[in-house]
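# Reading the structure
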Amino acid sequence: MLRLQYHFDALLAPDGPKSVCSFGWTIPAAQYFIDLRALSGLIFMTWPHARELADTEALAVLVDREAERRHAEFAKSRAPIGKQRRASHHYSDPSADPVSGGAVFGIAARLLSASDEIAAHEAMAPIIDGAKDRDFSVGYQFRSLSGTSHPLRVVLRTSRQDKSAFQRMGQRIEDQGLSRISSELTADLE
């Protein structure tokens, strides 16, 4: 957790990098934090699908409790009272417990550090599928959150069943003017 905090501090420092690595692509550092927020909401929403990505069992247990509370609050907010509401904030609100929140941010940061969009999609497939299964419209809100990076949106919207789209992910990202991280630059941006 301390290493993660140092990583975030370095990105937020006045002399910090303007660009960072996300799924093997260069993105603005500000978008990285928007991506972290979107992924943390998806992780809470689909928990326990990302449980095995927690750094330790103790952190996973803390997230178990936090996710259970969030699932219950979300279910309560959807109880029929006139019209049905979709309260995604139950998953995206910052955690009151900094340790469980940090555990989820750590998982999100690890996912964003995937070497390329295909590796990221494979690692995130249970989360993507879980978001569609739990509540498609709320899952779509996180998968389309305004301000997220193009690599994240492409990864989250590509279906594993659509092999041709899966194969074109990199081209769709590159078409947005982004460039791949070369192996020499990866160490500088992380």
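Here the structure is shown first, and the text comes after it.
Residues numbered from 1 in each chain as written. Predicted model: local features only at pLDDT ≥ 70, side-chain atom pairs only at ≥ 80, totals over all residues. Heavy atoms only, no water.

## Quick notes on unusual backbone geometry
Along the chain, Trp47 connects to Pro48 via a cis peptide bond; the corresponding omega equals 25°. Looking at the secondary structure, you find Pro48 in the loop between α2 (29–46) and α3 (57–77). For Phe23, which is not a glycine, the phi torsion comes out positive at approximately 60°. Structurally, Phe23 can be placed in the loop between β1 (19–22) and β2 (25–28). (Helix = DSSP H or I, 4+ residues; strand = E, 2+ residues; numbered from the N terminus.)

## Some details on the packing of α2 against helix α6 (residues 117–134)
Direction vectors running N to C along α2 and α6 enclose 70°, while the axes themselves pass 9 Å from each other. The pairing of α2 with α6 is recorded here as roughly perpendicular in orientation. Like other packed secondary-structure pairs, α2 and α6 cross with a definite hand, here left-handed. Two secondary-structure elements touch here, α2 through Leu39, Leu42, Ile43, Met45 and Thr46 and α6 through Met124, Ile127, Gly130, Ala131 and Arg134. Considered class by class, the residues forming the contact of α2 with α6 number seven nonpolar, two polar and one charged. (Axes fitted to C-alpha atoms, helices over the stretch in contact; angles between N-to-C directions. Parallel < 35°, antiparallel > 145°, perpendicular 65-115°, else oblique. Left-handed = near helix turned anticlockwise from the far one by under 90°. Contact = heavy atoms within 4.5 Å. Nonpolar A, V, L, I, M, F, W, Y, C, P; charged D, E, K, R; others polar.)

## Some thoughts on the packing of aromatic side chains
In the structure shown here, the tally under the stated rule is three aromatic pairs. Connected via pairs of aromatic rings, a cluster forms that spans Phe8, Tyr32, Phe33 and Phe105. Cation over ring: Arg70 sits above Phe44, and NZ or CZ is 3.9 Å from the ring centre. (Phe/Tyr/Trp six-rings, centres within 6.5 Å; stacked < 30°, edge-to-face > 60°. Lys NZ or Arg CZ within 6 Å of the ring centre and 35° of its normal.)

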